[in-house]
Amino acid sequence: IKNYKEIVEICNTRIERSNVRMFFRGQMNSAWALTPSILRVKDKEENYDLQWDKELSVFENIAKIQHTYEDKMPTRFIDFSSDYNVALYFACQNQTVDGAIYLLEYDPVSENSLYTKILPEFYTIKSEIKCSVFIDRFMEKYPRLDRSSVAGYIGAIIQYGFLVMPSEAELEKTKNFCPRIAAQKGCFLICPNKH
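The structure displayed is predicted, hence computed values, not measured ones.

A.B. asks: Explain the side chain of Asp83 residue by residue, including any values.
C.D. replies: Topologically, Asp83 is positioned in the loop between strand E2 (77–81) and helix H3 (84–91). Of the polar contacts made by the side chain of Asp83, one reaches the backbone nitrogen of Asn85; its length is 2.8 Å. Reaching out from Asp83, the side chain makes a polar contact with the side chain of Lys185 at a distance of 3.5 Å. Excluding anything up to four places from it in sequence, Asp83 contacts Phe24 and Lys185.

See below:
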């Protein structure tokens, strides 16, 4: 643990000079890949539209979906934490094999970001759709946005994914339906298609 804390301190010192933050994920088996459940379960599809609640924020919806429906519906979300002790706890769950701790340097996406406006719209898609048609529909809802910027964000989401970090108020609200996320200081990596 001492060595691990030293590594984290070095990482934190390095990123203090930028907006980038450090996020952590612990897995109890180092042989496991960092993979979302959608790639670990066969013959299941994402079907979030039925569970998406327009009254909740993007983060709250992801938390609800990830921890309420994960056994029944795999997701492209991977839990991370802003607290390395949480990752260390999960990495030490199995005493017979080595665990793993992943460190992710990232500038997290806020609730007001264009990313978080686009994400819920993905869950309204019921069948194959051309990107231009999707953008047209999105632009109807947000006509003041720049079309080329929207297209760029959509491309980035599909190609690279992004990390959604909650505000303190959102974390507090998730205690009602997902106390584990609040306790773990959780956030979510939205994995890209290539993942």
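Let us keep going from here.
A.B. asks: With reference to specific residues and values, describe the nonpolar core.
C.D. replies: Ranked by internal contacts, the top residues of the largest apolar core, which has 29 residues, are Ile62, Ile118, Val150, Phe188 and Ile190. At the level of secondary structure, the elements contributing two or more residues to this core comprise helix H2 (58–68), helix H4 (114–122), helix H5 (131–141), helix H6 (147–160), strand E4 (162–164), helix H8 (179–183) and strand E5 (186–190). Listed in part, the 7 residues of the second largest apolar core include Phe23, Ile78, Leu163 and Cys187.

A.B. asks: Go over the packing of aromatic side chains with me, naming the residues and quoting the values.
C.D. replies: Scanning the model with the defined rule gives 6 aromatic pairs in all. Ring geometry for Tyr89 against Phe90: centres 5.2 Å apart, planes inclined by 80 degrees, an arrangement best described as edge-to-face. Pairwise contacts between aromatic rings join Phe59, Phe77 and Phe188 into one cluster.

A.B. asks: So what's going on with the pattern of salt bridges? Residues and values would help.
C.D. replies: Enumeration over the complete set of coordinates arrives at 5 salt bridges. Note that Glu121 and Lys141 form a salt bridge whose closest N and O atoms lie 3.0 Å from each other. Highlighted residues: Glu121 in helix H4 and Lys141 in helix H5, separated in sequence by 20 residues. Residues Lys175 and Glu172 are paired through a salt bridge, measuring 3.2 Å at the closest nitrogen-oxygen approach.

A.B. asks: Let's hear about the packing of H4 against H5: which residues, and what values?
C.D. replies: Following both chains from N to C, one finds H4 and H5 inclined at 120 degrees, their axes separated by 11 Å at the closest point. Between H4 and H5, the angle falls in the class oblique. The element H4 and its partner H5 pack so that their crossing is right-handed. Along the contact surface, H4 presents Leu114, Lys117, Ile118, Glu121 and Phe122, while H5 presents Phe134, Phe138 and Lys141. Of the residues contributing to the contact of H4 with H5, the split by class is 5 nonpolar, no polar and 3 charged.

What counts, and at which threshold
Residues numbered from 1 in each chain as written. Predicted model: local features only at pLDDT ≥ 70, side-chain atom pairs only at ≥ 80, totals over all residues. Heavy atoms only, no water. Helix = DSSP H or I, 4+ residues; strand = E, 2+ residues; numbered from the N terminus. Polar contact = N/O pair within 3.5 Å; in protein donor to acceptor, adjacent residues only side chain to side chain. Contact = heavy atoms within 4.5 Å. Core = buried A, V, L, I, M, F, W, Y, C linked by side-chain atoms within 4.5 Å. Buried < 20%, exposed > 50% of the residue type's maximum accessible area, 1.4 Å probe, protein only. Phe/Tyr/Trp six-rings, centres within 6.5 Å; stacked < 30°, edge-to-face > 60°. Salt bridge = Lys/Arg side-chain N within 4 Å of Asp/Glu carboxyl O. Axes fitted to C-alpha atoms, helices over the stretch in contact; angles between N-to-C directions. Parallel < 35°, antiparallel > 145°, perpendicular 65-115°, else oblique. Left-handed = near helix turned anticlockwise from the far one by under 90°. Nonpolar A, V, L, I, M, F, W, Y, C, P; charged D, E, K, R; others polar.

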